[in-house]
Every structure is written in C-alpha cells, then in structure tokens.
Amino acid sequence: MLKDITLGQFFPGNTIVHRLDPRTKLMAVILYIVALFNAKSPLTYAIVAAVLAVCIVASRVPMKSLTRGLKPVYVIVAFTAVMNIFFTGGTAVGEGWLLGHITYEGLTAAIYMVLRIVMLIMGTFLLTYTTSPIALTDGLENLLGPLKKLHLPVHELAMMMSIALRFIPTLIEETDKIMSAQKARGADFESGNIFQRAKALVPILVPLFISAFRRADELATAMECRCYHGGQGRTALHVLRYQAADFVVLAAFVALAAGLIVLKHMGI
C-alpha cells in the first residue's frame, strides 16, 4: 500500500506538458478544479474527462502510475459512494428494506461523486508528475508575489510547501524500510482485525519520527552551509517566462471553466 502512494513524485520528460511554465500548470489545475466542481451532467463530465485524457496523453505519464496513486483512497471513494446511495432522497429503485433505501438520485450522485474524486486526484497528481519541486516552488512563489506587499513570507511559504511535498516519497520509503526491518525481527503487521493491525503499527511511529527529525536537521544544516537566509535578495538561475504554448493552454482552461459554469446555469 505504501508503494502505491505516488504523490510528490516527479517523472522527468520533454513533452509539451513538461515544458509548460509551472505557473501555467498551477493556474490550469485551479481552473480544472473549478470546471470539475461545476460539472453536473453526463455531458459536462465527459468534457472534463476528455480534457484530462488529452493532458495525460500529452504528458506521456504512464496510466499505471496514475491509477496506482488512486489505491490509497479506494476506501474513501467507496465510503463516499455508499453514503450518497443510501442517504440521498428521491425515488426508490424497488421495494423492500434494501432497495427501498436506494434511490435513483442517490445512484446518480454516487457515480458523479466517484468520478469527481477520481478525476480530481488524477488531475492534481499530473501536476506533480510533470513539474519538478524546484520549478513548482518558483512558480508558486511568483504567483503569490503580490502578497509580498502585505509583508507575507511568500518565499518561505512556497519553499515550505515544496519541501513538504518532496518529503512525502522520502518518508514513505523510510516507513517501508522500517516495516521491512521489523518484519525481519518477527513483527506481524498483516494478521488480526483492523484494530490489531493499527496497534501493531504504533512501534513504527517512534523510529519514523526520529528519522524525519534527523532528515529535517540535515536539510537545515545543508541550507545553512549554502548561505540560505530566506527569499530576501535572492535571484533565480532560470527566470520564468511565458511562451506561446502557455497562453494557448491558459486560454483553453479559462474557456473550459467558463463554459462549464455557463452550462451549469443553463441546467445542462
């Protein structure tokens, strides 16, 4: 299960999606989420799914990697679907205790909710898969630049978010190593009910926290040795510049979000 968590990983490439400005990809993801949450019918969901499919094909990210990243949230998706099926009012699909509590409206809401969660996760994962942590930090800092006038530590916030995202795969790998070492010493994490399994995972937390603090201390030392003192007066090796492809992509996603908002108000 731990190896299925792919959030924060970066797949190097030279596709059009990889070459896009990180600011463009960040804004495109925001517009994609706006469009997704305004989808209310099979037509609008099909439009969003088609856009996502085009982005996946253009990025050349393996579909297996995207679907593998969904495994840790299968339980949440299933729980959400069940809640929508049984607790949405409407016309019952049949008679009896079970069918009487299931409505056509609940089934429709469950399908839409599952599609929304899946496409939301795949779309946001595609951002981290095609954008390096350094580029993501630069793009986020640039977009939040106007907040510097309010004396907010924009650079530090962007750096903190990027480091947190980058450390997710590292901590997952560390957890897997700790579990393998404890299994070699006779620990059992797979037998028993869910509560017994959760209790068996408690001994992992102490070495994991120690390892995380050690890595954080090493990172802080390395940054200090490189004379890092925050964003004040810093320059960039690669200056971000928009290209023609960035404007085309932004215009397409603005049209997507605006179009779905209009279709929603039209009842389509």
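Everything discussed here concerns the structure shown above.
Residues numbered from 1 in each chain as written. Predicted model: local features only at pLDDT ≥ 70, side-chain atom pairs only at ≥ 80, totals over all residues. Heavy atoms only, no water.

1. Things to note about the packing of aromatic side chains
Stage number 1. Taken as a whole and judged by the stated rule, the model has four aromatic pairs.
Stage number 2. Between Y242 and F247 the ring centres are 5.7 Å apart and the planes differ by 45°, which places this aromatic pair in the tilted class.
Stage number 3. Residue class for Y242 comes out partly exposed when judged on its relative accessible area of 31%.
Stage number 4. Take F247: its relative accessible area is 52%, and that puts it in the exposed class.
Stage number 5. For R23, the ring lying beneath its charged end belongs to Y242, and the centroid distance is 4.0 Å. (Phe/Tyr/Trp six-rings, centres within 6.5 Å; stacked < 30°, edge-to-face > 60°. Buried < 20%, exposed > 50% of the residue type's maximum accessible area, 1.4 Å probe, protein only. Lys NZ or Arg CZ within 6 Å of the ring centre and 35° of its normal.)

2. Quick notes on the packing of helix α9 (residues 154-184) against helix α11 (residues 202-225)
Stage number 1. Between α9 and α11, the shortest axis-to-axis distance is 10 Å and the interhelical angle comes to 140°. Judged by the angle between their axes, α9 and α11 are oblique. As α9 packs across α11, the resulting crossing turns out to be right-handed. Contacts from I163, F167, T170, L171, E174, T175, I178, M179 and Q182 in α9 reach P203, I204, P207, L208, S211, A212, R214, R215 and L219 in α11.
Stage number 2. Grouping the constituent residues of the contact of α9 with α11 by class yields 11 nonpolar, four polar and three charged. (Axes fitted to C-alpha atoms, helices over the stretch in contact; angles between N-to-C directions. Helix = DSSP H or I, 4+ residues; strand = E, 2+ residues; numbered from the N terminus. Parallel < 35°, antiparallel > 145°, perpendicular 65-115°, else oblique. Left-handed = near helix turned anticlockwise from the far one by under 90°. Contact = heavy atoms within 4.5 Å. Nonpolar A, V, L, I, M, F, W, Y, C, P; charged D, E, K, R; others polar.)

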